[in-house]
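Commentary on secondary and tertiary structure
Chain by chain, the residues:
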Amino acid sequence: MLNGNDSIDTIQRAISKARETKQKYIACITQKIEKIDPLAFYRVAQKRYNGQRFYWENKDHDVVLAGIGAALSINAGRTLKYEQLKDEWAYIQNHAVISGIKGKQATGLLLFGGFSFDDKTTPSDHWQSFGFGLFYLPTFLLTTDKEQSYLTCSVVCTADDKPELLSNHLAEQVEQLFGAKTDFTTDQNPLITTQDQNAEEWKRLVGEAVKVMETTDLQKVVLARTRKLTFQKPMHSEDLLSNLREQQPETCVFSMEAGTSCFLGATPERLVKKSGNHLYSACLAGSIARGKDDDEDARFGEILLNDRKNRLEHHYVVDTVRSALAGLCEQLNIPEQPILMKNRNIQHLYTPVDGVCDPNRSLFDLIERLHPTPALGGLPRTSAMDWIAKHEKLDRGLYASPIGWCDGYGNGEFHVGIRSALINSERVTLFAGCGVVRDSVPAQEYEETSIKFQPMMNVFAGRKS
Ligand SMILES: C=C(O[C@H]1C=CC=C(C(=O)O)[C@@H]1O)C(=O)O
């Protein structure tokens, strides 16, 4: 499977570099392989690489990534995390010997990971393994587009390493991954308990936010709540991903493991995508249920498009994204009016954004500018973040935060981790939030967050509706 000559030669060159410079070097080999199911690849690695896997399938289904093992991992610090990531990523790229296929997006050296929502909140126990942010350079990366799969193997080499040993070890692992049986049976795992945050307290908090807006500069705040599920046995992500992929095809389906935890979801909201110097973002805010039939669905859509409160919620996001990107883009196209984005359980006001940005801008610069937009934080950003940190009283961890990948060719994509859940063995926490503005009605916001739990509830409860 792995081309032995390529691999030993690349490793040999990386070891020589390591000897010359007395620094570690990465050997990175990419080859085209027969198209395979990325989820099957993710699944076969469950036993041996549990805790070090990720999955990503964008809504166009033209970038599907399955990452297995961590050649390197980066833990983001509390402060200056975007600078840190930029520096560490540049260092990795300057200390790598790359061979095989080159220039193909999302292959070769690639970082996958996510940041925590907020630097002020110290990660609680259940988010501990993700810290303030965590990124992997995977040992094995399977990249699948509409036609083809590519396998990238990355291994860290030191001056003392022996090329044959490293290369043989890599080849053995590849053989195991590709030789393993892929017809799995799914264990029953009954749901034992479901516990929502206290509804009345949460609605009271929405009321308080509305009140505060009457007397302060706070214009919008996004409030989230959780639902806790307990299962009989530890929950594994592969079956959930398979169902999410089927049930939410118009979203970006992702998972990221860290130790015994796994964060996963099906998010409709792209924060930023970069293809060379082309940039794409999205403003998504303002929500309503799907109708029971086409007529009702269209009627709900019209109501949403014409609703003052939802239009205001949306407008704040568009304005903020426009000013965040204006300074970084030579060209920026943002339509005047939103359209509808219809997902399986919910419809949103949606304004697509595209532009051309300075090629030297890294994705981390763009994320730093954009996160959190008022679709996840609020407006003004600092007042909203302070209000959330003080009143929401939950550790969002990676919920509502940028999660995604960047490659060594200037491409990458980050979504925000909404419609998501954190798995800690047999305990699962679901997250859902909504934008609160001056006209918000607490009971309606509560209802909206209930709808937003639905995509994840459907897969955890194994239902198809
Ligand atoms: C914060 C969430 O949704 C955001 C994205 C789209 C629409 C939203 C809204 O209408 O409130 C939220 O801003 C969530 O799903 O947890």
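Computed from a predicted model, the values in this text were never measured in an experiment. (Residues numbered from 1 in each chain as written. Predicted model: local features only at pLDDT ≥ 70, side-chain atom pairs only at ≥ 80, totals over all residues. Heavy atoms only, no water.)

1. Here's the deal with the overall build of the chain
Per the secondary structure count, the chain includes 12 helices and 21 strands. Over its C-alpha trace the chain gives a radius of gyration of 22 Å, about what one expects of a compact globule, namely 23 Å for 465 residues. Per-residue burial for the chain yields a buried fraction of 56% across its 465 residues. When the accessible area of the chain is evaluated, it comes to approximately 19,100 Å², of which 48% is carbon and sulfur surface. Each charge class in the chain was averaged separately, 54 positive and 60 negative side chains, and the resulting centres sit 2 Å apart. (Helix = DSSP H or I, 4+ residues; strand = E, 2+ residues; numbered from the N terminus. Rg over C-alpha atoms; globule rule 2.2 N^0.38 Å. Buried < 20%, exposed > 50% of the residue type's maximum accessible area, 1.4 Å probe, protein only. Areas by Shrake-Rupley, 256 points an atom, 1.4 Å probe, with all protein chains shown as cover. Lys, Arg positive; Asp, Glu negative; His and termini not counted. Charge placed at Lys NZ, Arg CZ, Asp CG, Glu CD.)

2. A short note on the UniProt feature "domain: Chorismate-utilising enzyme C-terminal" (unreviewed entry) in the chain
The positions that UniProt labels "domain: Chorismate-utilising enzyme C-terminal" (unreviewed entry) are, in the present scheme, residues 199–452. Strand forms 37% of residues 199–452 and helix 35%; the C-alpha atoms that close the span are 15 Å apart. (UniProt positions renumbered as here; feature names shortened; annotations may be inferred.)

3. Quick notes on the layout of surface pockets
By volume, the second largest pocket amounts to about 320 Å³. For the lining of the second largest pocket, the secondary structure elements donating two or more residues are α4 (81–94) and α11 (381–391). (1 Å grid on protein atoms, 1.4 Å probe; cavity = no way out; pocket = protein on both sides within 12 Å on 5 of 7 lines; lining within 4 Å. Points joined across faces, edges and corners; volume = space filled by probe spheres on them.)

4. Let's talk about the pattern of salt bridges
Scanning the entire structure with this criterion turns up 26 salt bridges. Between Glu238 and Arg53 there is a salt bridge, with the nearest N and O atoms lying 2.7 Å from each other. You can see Glu238 sitting in helix α7 (residues 237–247) and its partner Arg53 sitting in strand β2 (residues 53–57), a full 185 residues away along the chain. By the burial criterion, Glu238 is buried, and Arg53 matches it. A salt bridge links Asp319 to Arg322; the nearest nitrogen and oxygen atoms lie 3.4 Å apart. (Salt bridge = Lys/Arg side-chain N within 4 Å of Asp/Glu carboxyl O.)

5. Some remarks on the environment of Phe178
Assignment of secondary structure puts Phe178 in helix α5 (residues 163–179). The class for Phe178 is partly exposed, based on a relative accessible area of 25%. Sequence spacing of Phe178 and Val44 is 134 residues, and the spatial spacing of their C-alpha atoms is 8.3 Å. Phe178 has contacts with Met1, Ile33, Ile36, Phe41 and Leu151, leaving out every residue within four places of it along the chain. (Contact = heavy atoms within 4.5 Å.)

6. A short note on the packing of helix α6 (residues 199–215) against helix α12 (residues 442–460)
Relative orientation of the contacting elements α6 and α12 amounts to 120°, with a least axis distance of 9 Å. Viewed along their axes, α6 and α12 adopt a mutual orientation that is oblique. Remark: the crossing between α6 and α12 carries right-handed chirality. Of α12, the residues touching α6 (which contributes Ala199, Trp202, Lys203, Val206 and Gly207) are Pro442, Ala443, Glu445, Tyr446 and Thr449. Class assignment of the residues belonging to the contact of α6 with α12 gives a composition of six nonpolar, two polar and two charged. (Axes fitted to C-alpha atoms, helices over the stretch in contact; angles between N-to-C directions. Parallel < 35°, antiparallel > 145°, perpendicular 65-115°, else oblique. Left-handed = near helix turned anticlockwise from the far one by under 90°. Nonpolar A, V, L, I, M, F, W, Y, C, P; charged D, E, K, R; others polar.)

7. So, the domain arrangement of the chain
Segmenting the chain into domains produces domain 1 (4–179) and domain 2 (191–460). Here the C-alpha centroids of domain 1 and domain 2 sit 27 Å apart. With both sides pooled, the region where domain 1 packs onto domain 2 buries about 4,900 Å², and carbon together with sulfur makes up 58% of that total. In terms of surface lost to domain 2, no three residues of domain 1 exceed Lys59, Phe117 and Trp127, which account for 19% of the buried area on that side. Asp37 is the salt-bridge partner of Arg245, the closest N and O atoms lying 3.3 Å from each other. Inspection of the domain 1/domain 2 interface yields 32 residue pairs in polar contact (both at pLDDT 80 or more). (Domains from an automatic or database assignment. Buried area = accessible area lost by both parts, 1.4 Å probe. Polar contact = N/O pair within 3.5 Å; in protein donor to acceptor, adjacent residues only side chain to side chain.)

8. Details of the site of the ligand
Surveying the vicinity of the ligand reveals 19 residues, the closest of which are Ser287, Ala375, Tyr399, Arg419 and Gly433. Taking Glu313, its side chain carries an N or O atom lying 3.3 Å from an oxygen atom of the ligand. At 3.2 Å, a side-chain N or O of Glu448 approaches an oxygen atom of the ligand. A molecule is said to occupy a pocket when more than half its atoms come within 2 Å of that pocket's grid points, and by this definition the ligand occupies the largest cavity. Contributing elements (two or more residues each) for the shell around the ligand: β13 (278–289), β21 (427–436) and α12. In terms of residue class, the shell around the ligand is made up of nine nonpolar, five polar and five charged. (Near = heavy atom within 4 Å. Sits in = over half its atoms within 2 Å of the grid points.)

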